[in-house]
Amino acid sequence: MPHERHTVALGFADQTVPPGAHICQIFSADEERLDALMRFLRSGLEAGERAACFTEKLDETQLTNFLAERGLSCEELMESGALSRAGTSEVYFQDGRFDPDRMLALLRQFHKNSVADGFPAARVIGEMTADVQHIEGGSRLMEYESRVSMLLKEVPITAVCQYDANTFDGATIMEVLKVHPMMVIRGTVVHNPYYVPPEEFLAHHCS
Amino acid sequence: MSVAAAVDVRVLGQLLLMQSVVASLPDNSVVPFIIKGLGDVPGVGRVVFDATPLDKAPHRFRLAAGGKDYGTLDFSVKDAEAFAPYLDYIRNFAFMLAVILDERWQRRAIELHGQHLEQQVVERTADLAGERDTARRYLDIAGVMLMALDRDGRISMINRKGTQILGKPEDALIGTDWIDSFIPAARQSALRQAFSRVVSGATPLPEHYEQRIVDATGRELIMAWNNTLLRNKEGAVLGTLSSAEDITERKRAEEELLHYKDHLEEEVAQRTVELALARDEAQAANQAKSDFLANMSHEIRTPMNAILGMLYLAFNTDMSPTLRNYLSKVQGAASSLLGIINDILDFSKIEAGKLEIEEIEFGLDAVLERLADAIGVQAEKKHLEFLIRHDVSLPPRLIGDPLRLGQVLLNLCGNALKFTETGEVELSFQRLNASATELTLQISVRDTGIGMAPELLGRLFQKFTQADESSTRRFGGTGLGLVISKHLVELMGGRIWIEASAPGQGTTVHCTVQLKIAPHDEAQRRDLMEQVGPLLEDIRVLIVDDNEVSRDILAGTLRQFRIEVSVAASGPAAIEQLKQTGEPPFDVVLMDWRMPGMNGDEATRHIQADDAIAHKPKVVMVTAYGRDDVLKLAEQAGVAGFLVKPVLPSALLDTLLNVLGRGRILRANGNGRPALPVTTAEYAGAHLLLVEDNEINREFAVGLLHSMHVEVDEAENGEEAVAKVRQHAYDGVLMDVQMPTMDGLEATRRIRSLSTADGDRFARVPIIAITAQAMVRDREKALAAGMSDYLAKPIDPDRLAVVLNRWIKVPEERQRAAQAAAQRQAGLMAAQAAAGSLRADADLLALKHFDAAQGIPRIGGKPEAYRKQLARFRKHYPGAADELQELLSYQGLSAGEAYCHALKGVCGTLGANALFACVTQIDELLKRNTAPDPGHFERLRELLQQAMAEIDGLAAPVTRRRTALLDRDGLLAKLVRLDWLLQNDLGAAEELLAELRTGVAGTDAEIAIAEIAEDADVFAIDAALDRINSLLARVKKKA
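The written sequence of each chain sets the order in which its residues are numbered from 1. All chains are assigned letters beginning with A, and all ligands numbers beginning with 1, in the order in which they are written. It should be noted that, the model being predicted, local features are given only for residues of pLDDT at least 70 and side-chain atom pairs only at 80 or more, the latter also being counted only at that level, while totals for whole chains, interfaces and linings use all residues. To get the side-chain values, all heavy atoms of the structure are used, and hydrogens and water are removed first.

**Q** Help me get a handle on the overall build of chain B, residues and values and all.
**A** What counts as a helix is a DSSP run of H or I of at least four residues, what counts as a strand is a run of E of at least two, and both are numbered from the N terminus. When you go through chain B residue by residue, the secondary structure sums to 40 helices and 25 strands. It only takes one pair of heavy atoms within 4.5 Å for two residues to be counted as in contact. When contacts within chain B are restricted to residue pairs at least 6 apart in sequence, long-range pairs at least 24 apart make up 65% of them. A 1.4 Å probe and the Shrake-Rupley method give the accessible areas. Residues count as covered only by the protein chains that appear here. Accessible surface for chain B amounts to roughly 49,300 Å². Of this, 53% is attributable to carbon and sulfur atoms.

**Q** Requested: an account of the overall build of chain A, with residues and values cited.
**A** Helices and strands together make up the secondary structure of chain A, namely eight helices and nine strands. Summary of the burial criterion: residues with accessible area below 20% of their type's maximum are buried, those above 50% are exposed, and those between are partly exposed, where the area comes from a 1.4 Å probe applied to protein chains only. Counting over 207 residues, chain A shows a buried share of 56%. Of the roughly 8,900 Å² that chain A leaves accessible, carbon and sulfur atoms contribute 50%.

**Q** An account of the packing of helix H11 (residues 321–351) of chain B against helix H16 (residues 481–491) of chain B is needed here, citing residue identities and associated values.
**A** Residue and element names in this part refer to chain B. With axes taken as lines fitted to C-alpha atoms, and helix axes fitted only over the stretch in contact, angles between N-to-C directions fall between 0 and 180 degrees. Packing of H11 against H16 leaves a shortest axis separation of 10 Å and a crossing angle of 45 degrees. With respect to H16, the element H11 is oriented oblique. The two elements H11 and H16 cross, and the hand of that crossing is left-handed. Taking contact as the criterion, the partners of Asp343, Asp346, Phe347 and Ile350 in H11 are, on H16, Gly481, Val483, Ile484 and His487. For this scheme, ten residues count as nonpolar: Ala, Val, Leu, Ile, Met, Phe, Trp, Tyr, Cys and Pro. Four count as charged, namely Asp, Glu, Lys and Arg, and the remainder, Gly too, count as polar. Taken together, the residues of the contact of H11 with H16 sort by class into four nonpolar, two polar and two charged. By the definition adopted for this analysis, an angle is roughly parallel if under 35 degrees, roughly antiparallel if over 145, roughly perpendicular if from 65 to 115, and oblique otherwise. Note: crossing handedness is left-handed where the near helix turns anticlockwise from the far helix by less than a right angle, and right-handed where it turns clockwise.

**Q** How would you sum up the sheet that holds strand E6 (residues 122–128) of chain A? Please name residues and give values.
**A** All names here are of chain A. Spatially, the seven strands line up as an open sheet ordered E5-E4-E6-E7-E3-E8-E9, and their pairing is mixed. At either margin of the open sheet sits one strand with a lone partner, and together these are strand E5 (83–86) and strand E9 (188–191). Shown here is a sheet whose adjacent strand axes are inclined to one another by a mean of 20 degrees, direction ignored. Packed onto the sheet, helix H7 (residues 170–178) meets strand E3 (22–27), strand E7 (158–164) and strand E8 (182–185) and runs at close to 160 degrees relative to E3. Pairing between two strands is assigned when DSSP locates at least 2 bridges connecting them.

**Q** Got a sec to walk through the nonpolar core? Specific residues and values, please.
**A** Only buried Ala, Val, Leu, Ile, Met, Phe, Trp, Tyr and Cys residues count toward a nonpolar core, and they belong to the same one when joined by side-chain atoms within 4.5 Å. Ranked by internal contacts, the top residues of the largest apolar core, which has 73 residues, are Ile26(A), Phe33(B) and Leu38(B). The dominant element in this core, judged by the number of residues it contributes, is helix H4 (residues 87–112) of chain B, at nine residues. Sequence-distant contacts of Phe33(B), that is, excluding residues within four places in its chain, are made with Gly170(A), Ala171(A), Ile173(A), Met174(A), Leu177(A), Met18(B), Val21(B), Val22(B) and Leu25(B).

**Q** Would you mind going over the interface of chain A and chain B in detail, with residue names and values included?
**A** In this complex, chain A contributes 20 residues to the contact, which on the side of chain B involves 18 residues. Accessible area that two parts lose when put together, evaluated with a 1.4 Å probe and summed over both, is termed the buried area. Approximately 1,600 Å² of surface area, both sides summed, lies buried where chain A meets chain B, with 65% of it carried by carbon and sulfur atoms. We define a salt bridge as a contact between a side-chain nitrogen of Lys or Arg and a carboxyl oxygen of Asp or Glu at a distance within 4 Å. Where chain A packs against chain B, one counts two salt bridges. Residue Lys36(B) pairs with Glu175(A) through a salt bridge whose shortest N-O separation is 3.1 Å. Any pair of nitrogen or oxygen atoms within 3.5 Å is treated as a polar contact; in protein, a donor-acceptor pairing is required on top of that, and neighbouring residues in sequence qualify only through side-chain atoms on both sides. Run the count over chain A and chain B and you get five residue pairs in polar contact (both at pLDDT 80 or more). Only H7 and E8 of chain A provide two or more residues apiece to the side of chain A that touches chain B. Considering each element in turn, the side of chain A that touches chain B owes the most residues, seven residues, to H7(A).

**Q** Just give me the short version of helix H5 (residues 100–116) of chain A, but keep the residues and values in it.
**A** Residue and element names in this part refer to chain A. Here a helix's expected span is defined as the number of its residues, less one, multiplied by 1.5 Å. With 17 residues, H5 extends 24 Å between its outermost C-alpha atoms, agreeing within 8% with the 24 Å of an ideal straight helix rising 1.5 Å per residue. Inspection of H5 places Pro100, Met103, Leu104, Leu107, Phe110, His111 and Ser114 among the buried residues, and these make up the whole buried set. Down the axis of H5, the smallest arc covering the buried residues is 115 degrees, so these residues share one side. Turned more than 90 degrees from where H5 packs its buried face, Lys112 and Ala116 sit exposed. Against strand E4 (50–54), helix H4 (88–92), E6 and helix H6 (141–154) lie the buried residues of H5. The N-cap of H5, judged by a side-chain oxygen 3.0 Å from the amide nitrogen of Asp101 a few residues on, is Asp99. Just beyond H5, the residue with positive phi is Gly118, at close to 90 degrees. The directions from the helix axis to the C-beta atoms form the arc being described.

**Q** An account of the state of the cysteines is requested, with residue identities and associated values reported.
**A** When two cysteine sulfur atoms lie within 2.5 Å, the pair is treated as a disulfide. Here the structure, examined in full by the defined rule, presents zero disulfides over all chains. The thiol of Cys74(A) is unpaired, and the distance to the nearest cysteine sulfur, on Cys53(A), comes to 9.0 Å. Residue Cys907(B) stays outside any disulfide, its sulfur separated by 8.8 Å from that of Cys918(B), the closest cysteine. By relative accessible area, which is 0% here, Cys907(B) ends up buried.

**Q** How would you summarise the pairing of strand E7 (residues 220–231) of chain B if you had to cite specific residues and measurements?
**A** Walk down a regular strand and you will see the side chains alternate between the two sheet faces. Residue and element names in this part refer to chain B. Relative to E7, strand E6 (residues 208–214) runs antiparallel, the two sharing seven bridges. Bridge pairing in E7 places Gln211 opposite Met223. Counted along the chain from E6 to the antiparallel partner E7, the turn is five residues long, and its residue Gly218 has a positive phi close to 90 degrees. Of the pairings in the sheet, the one linking E7 to strand E8 (residues 237–246) comprises nine bridges and is antiparallel in character. Note that in E8 the partner of Asn227 across the bridge is Ser242. The antiparallel pairing of E7 with E8 creates a hairpin that spans five residues between the two strands, and Gly235 there sits at a positive phi of about 95 degrees.

**Q** Can you explain empty space enclosed by the protein? Please cite residues and give values.
**A** All names here are of chain B. A 1.4 Å probe that fits but cannot get out identifies a cavity on a 1 Å grid over protein atoms alone, an open set with protein on both sides within 12 Å along at least five of seven lines counts as a pocket, and a residue lines either if it has an atom within 4 Å of a point. Grid points are joined across faces, edges and corners, and a volume is the space filled by probe spheres set on the points. Taken as a whole and judged by the stated rule, the model has nine cavities of 30 Å³ or more. In this model, the largest cavity occupies a volume close to 190 Å³. In terms of lining residues, the largest cavity is bounded by 16 residues, among which Leu16, Gln19, Tyr89, Asn92 and Asn226 are the most central. For the lining of the largest cavity, the secondary structure elements donating two or more residues are helix H1 (9–22), H4, E7 and E8. Considered class by class, the residues forming the lining of the largest cavity number seven nonpolar, eight polar and one charged.

This is the structure we're talking about:
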């Protein structure tokens, strides 16, 4: 069992959060997204955690430099498996469909492997693209997010979901708020007043 | 104020979050986002964004800013009550939203019409006033105060509600420093610092709080604030925007509620205090009642005592029979009134819980004597027999409260007498559950009176109740007696009950009390029986009484002393028995005086005159009537003694021994020890040889024997003794066992082996061993050597008297001569005996290292002689420890043993108990051929030093005091007696007081006794009783 710390640092906010936090970032500028992503990864890697990111838009050089500022070698971290990256559609939309069950299993396995490989903790940051709304299984996005909240209670991966306000419509953004217990608002992590606990959310929205 | 309009903070958070998120959303997402979000506000069913113009519908919010109308938010409300609390916030939100939309529109316009930027700016500027007006309208319809502050804390915007609350027009408020103008001075500094931190971004702006402000008129208001920061598009803080509600009234209501709650508690506390006061008052009233009763009793008792005292004096003067009769009645009435008052006083003490039971050593006989004095007179007046059936197995010395026990007995027997017209009242005792240290005494009072119906039994122990209403009229009394007795008995650890009775069949009341047995009482009893036993051997007694119960009681008592008893129910029957021959003759006849047919005196005359009665027994008249005429008749008839009914065992034995000339052994003195035989005994006039090597011991013994009217020759060792016995026919020899030259055992053997011409003188002469080695084997050795008996050192005078009585028979001639000599001394000795005990000077009794009370009797009861012996001890033994140590070192164990033995004897005789114990320890070691260790000598040295120092502190022997001092126990006994007499017999109290005054002359009790006498002189009896109690306490404490 990895050593459980009381809280973990996120990198992009002053606060620390408990391991297994499920955080949503609604961003409208790409710089905002990338800044949070790189800080989140670097913070985890500095703490010896295993870190993964799923995004289509990551300038590798920019990340390498960013990590190097703190003496971290992107290449080495990737080789050692401490850091991994993949495209959103490669991970989320395998076979052209969005399968929440598979994604949840993937997260569970990620945690299991991390523990097995001796990492004290694990963290994931991923950008959900608006494409999800147009592919098979995409309507289960809120169900998926809600079940992630549930899963993370069991496997304490620290997870940040990034949503582009410019690509999702306002109503969907409001829905996204309801399935994330924590929000990043202008660099501050807050407990989300719109959050609906999974048991309740799943009962009302996915039954 | 409604408390239903509670705002869910979570909803407010959602609104704020929407505001925040909206800023990140693209234009086309804003409205869908907020419509969905607002749909979650409690009470809202659905929100529609509509471009329709604003109408007067209550929940339509126009989104207009910058002169642009962006449409309306139309809330369909499904639960108005739930929604109501959020109305102002939604309005606020709508305003904010309009501003955001406008800002967005402006930005888009700039983007779209870059080339017209300047124009747009001009337009925007031109529109500002209108925009402000528009915004103003929305602000003004708000039901809450809306206010914006710039970064410096100055008011930059305020709505109408705000001006109303603050009490100043908008013009006067804009630009005003908010903190300076409206925040109470005490809070200004802290708030200004907090505001600076907020606008600088150092700390977040608290979203909600309550704050006290002061309006333009100086009135303090409480405001509930909702705050948000105003930022420019770069996010820089411009100031704050706040909405506020005046909650002063609500708070006041809450405070009132709180105050009411507190007040309620105060009221409860107040009420509790009042109740406690009421309770205290009630208790005080009860106390006052008790005090009143006590005071009243006191006030009445004082004149009553005066009346009784004067009556006592009046009766001692000559007066006509008629006057005496009247005064007798006055005396009777006054006595019963005093009894009633005493009852009331006791009852008030019981009610006040102030009645306490003492624990002092006392003799049951003394209690019974007092009882007999009081009840006997009443019984005599009613011609009733008052009988006491004593259990001789009862320890004579007990520990308890003799006064209260006597009170119970007096009450029960008094009641029995009151309700009995003919027959008898019998008081009996039974020992229950006795252990070595305590016993339960069951007391029963049986009468042959009116009896009572079973249904009345239960009421008897209730206050102010007699058997029936008519009883009070018939028999008088307060009806408190039994209640008081019940309470006293319970305080003494017992209970009281009445045996089932029936009218006309008499009544028996039983009660029990717990008493302790005085330490050593049992041992003393055994000693007593041992002493008495030989004196009572072969006595035959005839009891003559017409009352069967009385016969039975006397016979039972005598049989317990193993005396042979016969009974006769009348004078003639007794004469018949006395005439009978063939049986051993009777030594004593106990003759009742009042008998039908032939009274006791007549029967006695017959006995004395009847030649057929060869052996004239001593007749003791037993009478319940101590009247002079009866005594005279009896004396004329030739009786040898008197006994007054009820007869107590001690008095009975004492009288028997007296009339038989066997000495008075049993009269108990103050400390429970048998007193010295003060009358002549059969050994009086004897000529004894005392063999004792120790000079001091010899002197003790000689003094003691002289005081017993015994002539003494002295020998210092066995050899000398044998020579003297050979030369002189002594009546007996007191022989020390351990002596130099020839010890007592050898001397005895030699005396026994002497042959003589005048019969077996040497074989018969009683030789009594005096030995400190009081072990059984030593006694056996003494007897085996031919000794007749033994006495342990130090010599106990009583024991010596018993042993001499046993062995020494003096020819009558010499006895008479001794009696004559005894008469000469009788004055002093009788006075001593009457005072109850041997006397000692107070300074001797105060000695710590010598028990003078033990030592003085051992040398004949003379304090001066004891003092002399102490001086002699001081002279001879100051270096005894060194001497003993030297003897042991240079002359060996046996020389040391002899010295030690002598020292032990002296210490024992003087009552130097600690020294005695120490020397005994050394003596025992030496006997086992073991050398004592230095610690023993050190201890001996130390004790000797203390003892010698104490002797040095004593006054030199002085001339004998004219009157002997009372010892502690004697003083205590007399004080207790005085207490009773002052309440019951003032005349007798006067006599006792005179006795006491001489008995304590020169001691520290002298003043107290004088004061008591003064009180008694003016009949201030209660004051006198108080003084007695404090003197009693002081004397006890001193012990």
